[in-house]
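# Structural characterization, general
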Amino acid sequence: MPRRKKQDRKPSFLIFWLVSLDQLQQRRLVLALTTVALLFFTLWARVLPAKVDWSLGDAADRTIIAPRSTVYISTEQTEELRDKAEAGVPQQYRPVADAKDKVVRVIGDIFAQARDIRQNSPDLPIVDKMEDLQERLALNLSNATLRIAVEKPATTLEQIEAAARDLAGTEMGKPLREHTDDLEQARRRIEERATKLGLTRAAAAAAAEIARLTIKPNLAFDSESTAKERKRAREEVQPVERTVQAGDIIIAEGERVTQDHMDMFERLGLINPAINYSQALAMLALLAFIVALLWAITDRFAPAIYNDMGRLGLLSVVIIAAALIFRISQQSVYFEAIVLTAVTAACMLLAIATQPILASSTAAVLGLLIGIVTPASDVRLVVVTIVCGLLAANVITIRGTWSRTIALAAVMVAVGNAVALLIATEAFDLTQDWKVLGVTALGAVAATLLAVGAITVLERPLALLTDLRLMELSNPNEPILRQLRREAPATYQSAVMVANLAEQAAEAIGANSLLAHTAALYHDIGKLKRPYFFVENQFGGENPHDKLTPHLSALVIIAHIRDGLEIAREINLPPAIASAIPQSHGTYLIEYFYRKALEQAGPDEEVSEESYHYPGPKPQTKENAIVMVADIVEAAARTLDEPTPSNVEKMVTKLVDHKIAEGQFDECPITFADVKQIKESLIASLNTMFHQRIKYPDQIERDAQEVANAYGQKAENGRQRQTPTENSGQQLG
């Protein structure tokens, strides 16, 4: 029989989807799944709490501290109150039907039997009559009463019978409960009343005895009703709730375990732990949702970080580390303080390394994780965690020097964390430990220092561009800047001027002024390879371009872009700074050499304008666009013969408008309103630079002669100035 051909299996949708992802998307997915898995195993104790293997009466072999604040039901106190309520319920009774009538009939029967014996056996001896009467009765009467019953005259018997009925009837009219001393008290009352009946002592004693022996309880004990009422009374007693604060000692080492301890262990999830698979699956899904949401927020509000696996990985590591600290510190007396310290450090670190919006989102995530870590979810701590995380995420802003910024941030989070914890504790009507508040404040200061220290360690490996890193890069003693200052001093001075102009302009439009300043310092580092090809470094000496064709000169000038990028890679310059090297020059034309080429070209020779353009790209950020205009404006400003405010304004307006017309700003998010403010800032900065004290004529002549002596030639024969339209910045980069 021929074998059936095996059908080809179609790949599953999941495999098809995974294969369709690019490499970066796959790496992000792996990072997200790893983050979810590590968070799940870190928080596994939430599903399977640590077990306390103790029974009632055992001696604790270690001290247990409450990991969180909670409310538990005290079984001992609840049972004590319920027992008391049950004991307070009296026994329930039901009336005995015809109880009084039965007693009266019994009394009547006694005297009827006595009369019957007296009438039917008159000749029997008294003793025999007494024995016969006793045999007929169910009561054990005394001999004295029996003798009176068979011997006394009929009238006396009638008086005794009436007295017995009266005595018994009176008491039977009162409640006589079964299984109580009501019957004994009634019999004592009969004895007392019998002495007041006016009968002889013997007759009164006989009447009292008959009444005393014949009375019976008229209220029978109702066990069913009693049990029902006592059960109702127990159920009406509400469970006694007691509060245990985080950090309280539940049981000390060596202390005997009581039911109260067992109740606390049970409430805190420390006793009889068991894996709840549905809960574990739900937690895994919840963590996956939280991480996915955080990834989506990062993609939406911080796309640069979303595409940077280094910083995205840092985000995951920070969250996992914080969750691990939450879990480890649960048994600590200062649990709240440790949690807030970890949250403050995490959010501050992410605010510096990424963006405040991402750090704020992380604060919310850490608040959710706190809710998961604590077995019954300490709502107070969840709220405080989010509040303190948001504070830490938004407190770091540059205020003067970096040290002053750190000091202010430390003070703000120290006060903010302590106040937030205090207010939340009061709001939830809990008791606050003042020591915990103090440790919380100190922890906030430590968190600030920890975050800054971590950034210092991580910024280079992860290429993080923080304000601290920018300030470090802008230090004149940075090796590459020191080399630029030594080997191309004029280029360095020009870069400093451009940096100052760019910083003021960026601040005017709300861009990152520190980034613009630093990028401007590095935008021409490529000139280090061949500094003598750039006019500012020639100092009136021989111009090498005089020996080159215009096309070759343009190639040399353009090459400083490539050289700058190579140097940037060598010194591990952050991408945001390195991007200013090509983008600050954009794609504009090196006009001087292009025109020179046109002049030298023959009638039939074509000059490709494309060969004289910078390779680009055009500025992609506001900061790089600002560096571009600051660079051309600074270069042109050095060519002004009369730097009057009106001439400066005309120059700036003309140059900036020319770049707009060229489309150099088409790829960056800059607006016309921004351009207007940039122009105003550049004009103001240049006017400040050109403003000098008035010199007297003899001073002017003396200064001119010093310049002539320095260059070995007359001042009027110096290097020919370029006009703003020629723009030496455009000519030589």
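Residues numbered from 1 in each chain as written. Predicted model: local features only at pLDDT ≥ 70, side-chain atom pairs only at ≥ 80, totals over all residues. Heavy atoms only, no water.

### Remarks on the overall build of the protein chain
Note the following rule: Numbering of helices and strands starts at the N terminus; helices are DSSP runs of H or I of at least 4 residues and strands are runs of E of at least 2. Burial classes: relative accessible area under 20% of the type maximum marks a residue as buried, over 50% as exposed, and values in between as partly exposed (1.4 Å probe, protein chains only). Any pair of residues with heavy atoms lying within 4.5 Å of one another is described as a contacting pair. Note on areas: these come from Shrake-Rupley sampling with a 1.4 Å probe, and a residue is covered only by the protein chains present in the view.
The secondary structure content of the protein chain amounts to 33 helices and six strands. Put simply, the protein chain has 733 residues, and 45% of those count as buried. A fraction of 77% describes how many contacts in the protein chain between residues 6 or more apart in sequence connect residues 24 or more apart. Counting only carbon and sulfur atoms, one obtains 56% of the accessible surface of the protein chain, whose full area is about 38000 Å².

### Some remarks on helix α18 (residues 379-394)
Going by this rule: Under the convention used throughout, the expected extent of a helix is 1.5 Å for every residue step, that is, one less than its residue count.
Look at α18: 23 Å from first C-alpha to last across 16 residues, which is about the 22 Å you get at 1.5 Å a residue. Within α18, burial applies to R380, L381, V382, V384, T385, C388, G389, A392 and A393.

### Quick word on the pairing of strand β2 (residues 70-73)
Our working rule: Between any two strands, pairing holds if DSSP finds at least two bridges.
Of the two faces of β2, the one holding T70 and Y72 is buried and the one holding V71 and I73 is not buried anywhere. Across four bridges, the pairing between β2 and strand β5 (residues 241-244) is antiparallel. Across the sheet, residue Y72 finds its bridge partner in β5, namely R242.

### Focus on the environment of L197
Position of L197 among the secondary structure elements: in the loop between α9 (182-194) and α10 (201-214). A relative accessible area of 31% means that L197 is categorised as partly exposed. Setting aside residues no more than four positions away along its own chain, L197 makes contact with A163 and L167.

### Digging into the nonpolar core
The condition is simple: By nonpolar core we mean a set of buried residues, namely Ala, Val, Leu, Ile, Met, Phe, Trp, Tyr and Cys, connected to one another through side-chain atoms within 4.5 Å.
Residues Y522, M651 and V652 are the most contacted members of the largest nonpolar core, which totals 70 residues. Among the elements that line this core, the one with the most residues is helix α29 (residues 622-637), at 10 residues.

### What to know about the packing of α9 against α10
Going by this rule: In this description, a line fitted to the C-alpha atoms serves as the axis of each element, helices being fitted only across the stretch in contact, and the angle between N-to-C directions of two axes falls anywhere from 0 to 180 degrees. By definition in this entry, angles of less than 35 degrees are roughly parallel, angles greater than 145 are roughly antiparallel, angles of 65 to 115 are roughly perpendicular, and the rest are oblique. What makes a crossing left-handed is the near helix being turned counterclockwise from the far one by less than a right angle; a clockwise turn instead makes it right-handed. When residue character is reported, Ala, Val, Leu, Ile, Met, Phe, Trp, Tyr, Cys and Pro are called nonpolar, Asp, Glu, Lys and Arg charged, and the others, Gly included, polar.
Two numbers describe how α9 lies on α10: the axes approach to 9 Å, and their chain directions differ by 160°. In terms of orientation, α9 lies roughly antiparallel with respect to α10. The element α9 and its partner α10 pack so that their crossing is right-handed. Where α9 approaches α10, its residues R187, I190, E191 and A194 are matched on the opposing element by A204, A208, A211 and R212. Each residue belonging to the contact of α9 with α10 can be placed in one class, and the counts come to five nonpolar, no polar and three charged.

### Focus: unusual backbone geometry
Here the bond from G616 into P617 is cis, since omega is 5°, no more than 30 degrees from zero. When you line up the elements, P617 lands in the loop between α28 (591-600) and α29. The phi angle at H179 is positive, at roughly 65°, despite the residue not being glycine. Structurally, the position occupied by H179 is in the loop between α8 (154-172) and α9.

### Some remarks on the pattern of salt bridges
Test applied: By definition here, a salt bridge exists when the distance from a side-chain nitrogen of Lys or Arg to a carboxyl oxygen of Asp or Glu is within 4 Å.
Applying the stated rule across the entire model yields 31 salt bridges. Note that D166 is salt-bridged to R193, the shortest N-O span being 3.3 Å. One end of the pair, D166, is in helix α8; the other, R193, is in helix α9, and 27 residues separate them in sequence. Taking the relative accessible area as the measure of exposure, D166 reaches 37% and is therefore partly exposed. Of the charged contacts in the structure, one is a salt bridge between E591 and R595, with a shortest N-O distance of 2.2 Å. A residue pair is termed a helical-turn pair when its members lie 3 or 4 positions apart in one helix, as E591 and R595 do in helix α28 at four residues. When salt bridges that share partners are traced, they join E79, R82, D83, E86 and R234 into one network.

### A closer look at a nonpolar patch on the surface
To be explicit about the condition: What makes a patch is a set of residues exposed beyond 30% relative accessible area and free of salt bridges, joined within 9 Å when like-charged and within 5 Å when nonpolar (Val, Leu, Ile, Met, Phe, Trp, Tyr).
Together, V379, V383, V387 and F428 give the surface a local cluster of nonpolar side chains, amounting to about 310 Å² of exposed area. On the accessibility criterion, V387 (43% relative accessible area) is partly exposed.

### Some details on the environment of F672
Here F672 lies in helix α31 (residues 672-690). Classification of F672 as exposed rests on a relative accessible area of 69%.

### Structural notes on the side chain of S474
To keep things clear, this is the line we draw: In the analysis that follows, any N or O atom pair within 3.5 Å is treated as a polar contact, provided that within protein one partner can donate a hydrogen and the other can accept it, and provided that, for residues neighboring in sequence, both atoms belong to side chains.
Structurally, S474 can be placed in the loop between α21 (467-473) and α22 (479-487). The exposure class assigned to S474 is buried, which follows from its relative accessible area of 18%. A distance of 3.0 Å separates a polar side-chain atom of S474 from the backbone oxygen of M471. Sequence-distant contacts of S474, defined by excluding residues within four places in its chain, comprise L481, H517, T518 and L521.

### So, the packing of helix α16 (residues 335-353) against helix α17 (residues 356-373)
Their axes nearest at 8 Å, the elements α16 and α17 cross at an angle of 155°. Judged on the interaxial angle alone, α17 and α16 are roughly antiparallel. Note on packing geometry: the crossing formed by α16 with α17 is right-handed. In contact with V339, V343, A346, C347, L350 and A351 of α16, α17 contributes P356, A359, T362, A363, L366 and I370. In terms of residue class, the contact of α16 with α17 is made up of 11 nonpolar, one polar and no charged.

### Here's the deal with the environment of L390
With respect to the helices and strands, the residue L390 is situated in helix α18. Taking the relative accessible area as the measure of exposure, L390 reaches 36% and is therefore partly exposed. For the pair formed by L390 and I357, sequence separation is 33 residues and the distance between their alpha carbons is 9.3 Å. Contacts of L390, omitting those with residues within four sequence positions, involve S360 and A363.

### Topic: helix α12 (residues 259-267)
Those residues of α12 that fall on the buried side of the exposure criterion are D260, H261, M262, D263, M264 and F265. Looking at the buried side of α12, the elements it contacts are β1 (64-65), β2, α4 (75-87), β5 and β6 (249-251). Of the residues trailing α12, G269 is marked for its positive phi of about 75°.

### A short note on the side chain of T344
Secondary-structure assignment places T344 in helix α16. The exposure class of T344 is buried, given its relative accessible area of 0%. T344 has contacts with A392, V413, N417, A444 and A447, leaving out every residue within four places of it along the chain.

### Looking at the state of the cysteines
This is how it is decided: Criterion for a disulfide: a pair of cysteine sulfur atoms at a distance within 2.5 Å.
Evaluated as defined, the whole model comprises zero disulfides. Its sulfur unpaired, C347 is 9.6 Å from the next cysteine sulfur, which belongs to C388. Of the residues examined, C347 reaches a relative accessible area of 0% and is grouped as buried.

### Looking at the confidence of the model for the protein chain
Stated formally: You can read pLDDT as the predictor saying how much it trusts each residue, on a scale of 0 to 100.
Across the protein chain, pLDDT averages 83, with 87% of residues at or above 70. Mean pLDDT in the protein chain bottoms out at helix α33 (residues 728-732), which sits at 34, and peaks at helix α27 (residues 580-583), which reaches 93. A low-confidence stretch, residues 711-733 (pLDDT under 50), is modelled with 56 contacts involving residues beyond four sequence positions or located in other chains.

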